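# Analysis of the macromolecular model
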Amino acid sequence: MYLNQFLLLAAILFCIGVYGVLARKNGVLVLMSIELILNAVNINLVAFGAYWNANDNTNVSGQVFALFVIAVAAAEVGVGLALVLLIYRNRQSIDIDDVDMLKG
Amino acid sequence: MLALLVAQNIAFYIIAALMVVGALRVVTCKNLMHAALWLVLVLAGAAAQYILLASEFVAITQVLVYLGAIIVLFLFGVMLTRAKTGTDEDLDNKNSAKFIGGGVAVLLLGLMGYSLIDGFKDTEFGNLMVQRTSEVSDSIFSTYLIPFEVLSVLLLAALIGAIVIARRD
């Protein structure tokens, strides 16, 4: 297997996630697109970790980094959904476009 | 050995195709509930790719945390915001924003694809060995001990923050 297979898959998923963040209006869907981006990064980290591990069997830094990213992503989703709920409660809608009170 | 490599490659391409289709459906489909369920396919595919990369502990954690917890959180979010359960035409931005988003994504993909193909050409994995969970735990609790402790404080802060933000008072 080539290292590039995994890196290119991650790049494709990352770009789809970027498209989702820019094109979607619903708050929950934007959070889902962010999850796609974080997953793409994780695939990259684990692929590089496996590549490194094949040369140095005691080094598992790639996996450890991926685990940290998973934990931070879980925290991010928790706080993000709490914010979406608060926006919904105040404005009866979770369209990101409607949150424009700073515009004056 | 060669047969195993061929099998790994076939498995990779099937799972990768499923993941790309799932991801495209997540960002295009008109039904919030379906988007969350397509996301399950992408996350499960990522877990399968970790197995192919012989990283068993990350694969298990992916299933437990993403499929088990984060998807449920998303479904809660969908239900608590009383989204329409059927198709909803009003999930996307204007067409101009979609066009710009597509352009940015394609440009980014072209740039990353070019630099990856140019940079890693045909680097092979070499001899992929199972990365043992005991080694992962050794690494976390020795080399990465301080980031691990910081992470637990971060999780606690996120927990308290989410409760404070979301509670009615």
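Residues numbered from 1 in each chain as written. Chains lettered and ligands numbered in written order. Predicted model: local features only at pLDDT ≥ 70, side-chain atom pairs only at ≥ 80, totals over all residues.

## A short note on the overall build of chain A
- Along its length, chain A carries 3 helices and 0 strands.
- From first element to last, N terminus to C terminus, chain A shows the α and β order α-α-α.
- Compactness check: chain A gives a C-alpha radius of gyration of 18 Å against a globular reference of 13 Å for 104 residues, more than 25% above the reference.
- Referenced to the eigenvectors of the C-alpha coordinate spread, the extents of chain A come out at roughly 55 × 25 × 20 Å.
- When burial is assessed residue by residue, chain A has 53% of its 104 residues classed as buried.
- Looking at chain A alone, contacts between residues at least 24 apart form 49% of all its contacts between residues at least 6 apart. (Helix = DSSP H or I, 4+ residues; strand = E, 2+ residues; numbered from the N terminus. Rg over C-alpha atoms; globule rule 2.2 N^0.38 Å. Buried ≥ 20, exposed ≤ 12 C-beta atoms within 10 Å, placed from the backbone. Contact = placed C-beta atoms within 7 Å.)

## Some thoughts on the overall build of chain B
- Of regular secondary structure, chain B possesses 6 helices and 0 strands.
- In chain B, the order of α-helices and β-strands from amino to carboxyl end is α-α-α-α-α-α.
- Scaling as 2.2 N^0.38, a compact globule of 169 residues should have a C-alpha radius of gyration of about 15 Å, whereas chain B reaches 20 Å, well beyond that.
- Its C-alpha atoms put chain B at 55 × 40 × 25 Å along the principal axes.
- Of all 169 residues assigned to chain B, the portion counted as buried reaches 24%.

## Details of the domain arrangement of chain B
All names here are of chain B.
- Its domain assignment divides chain B into domain 1 (8-131) and domain 2 (132-169).
- For domain 1 versus domain 2, the separation of C-alpha centres amounts to 24 Å.
- Here the residues of the side of domain 1 that touches domain 2 sort into 2 nonpolar, 1 polar and 1 charged. (Domains from an automatic or database assignment. Nonpolar A, V, L, I, M, F, W, Y, C, P; charged D, E, K, R; others polar.)

## Considering the packing of helix H2 (residues 27-55) of chain A against helix H3 (residues 56-80) of chain B
- Their axes nearest at 11 Å, the elements H2(A) and H3(B) cross at an angle of 175 degrees. It follows that H2(A) is roughly antiparallel to H3(B) by the angle criterion. Across the interface between the two elements, Val28(A), Met32(A), Glu35(A) and Val46(A) of H2(A) pack against Val58(B), Ile70(B), Phe74(B), Gly77(B) and Val78(B) of H3(B).
- Classifying every residue of the contact of H2(A) with H3(B) gives 7 nonpolar, 1 polar and 1 charged. (Axes fitted to C-alpha atoms, helices over the stretch in contact; angles between N-to-C directions. Parallel < 35°, antiparallel > 145°, perpendicular 65-115°, else oblique.)

## What about the interface of chain B and chain A?
- Residue-level contacts link 76 residues of chain B with 64 residues of chain A.
- If you list the elements that add at least two residues to the side of chain B that touches chain A, you get helix H1 (2-28), helix H2 (32-52), H3, helix H4 (95-120), helix H5 (133-140) and helix H6 (145-166) of chain B.
- Ranked by residues supplied to the side of chain B that touches chain A, first place goes to H4(B) with 14 residues.
- Class assignment of the residues belonging to the side of chain B that touches chain A gives a composition of 53 nonpolar, 18 polar and 5 charged.

## Concerning the nonpolar core
- Ranked by internal contacts, the top residues of the largest apolar core, which has 70 residues, are Leu13(A) and Met32(A).
- Counting residues per element, the ones that place at least two in this core are helix H1 (3-23), H2 and helix H3 (61-91) of chain A together with H1, H2, H3 and H6 of chain B.
- Of the residues forming this core, the biggest block, 15 residues, is contributed by H1(A).
- Here this core spans two domains, and each of domain 1 (8-131) and domain 2 (132-169) of chain B adds at least three residues to it.
- Setting aside residues no more than four positions away along its own chain, Met32(A) makes contact with Val26(B), Ala35(B), Ala36(B), Leu39(B) and Phe74(B). (Core = buried A, V, L, I, M, F, W, Y, C linked by C-beta atoms within 7 Å.)

## Some remarks on the packing of H3(A) against H3(B)
- Between H3(A) and H3(B), the least distance of the axes is 11 Å, while the angle of their chain directions is 5 degrees. Classified by the angle between their axes, H3(A) and H3(B) sit roughly parallel to one another. For the pair H3(A) and H3(B), the contacting residues are Gln63(A), Ala66(A), Leu67(A), Ile70(A), Ala74(A), Val77(A), Gly78(A), Leu81(A), Val84(A) and Leu85(A) in the first and Phe57(B), Val58(B), Thr61(B), Gln62(B), Val65(B), Ala69(B), Ile70(B), Leu73(B), Gly77(B) and Leu80(B) in the second.
- By residue class, the composition of the contact of H3(A) with H3(B) is 15 nonpolar, 5 polar and no charged.

## Looking at unusual backbone geometry
All names here are of chain B.
- At Ala54, a residue that is not glycine, the phi angle is positive and equals roughly 65 degrees.
- Tracing the backbone through its elements, the reader meets Ala54 in the loop between H2 and H3.
- You can call Ala54 partly exposed: it has 19 C-beta atoms within 10 Å.
- For Lys121, which is not glycine, the phi dihedral falls at a positive 30 degrees.
- Along the chain, Lys121 turns up in the loop between H4 and H5.

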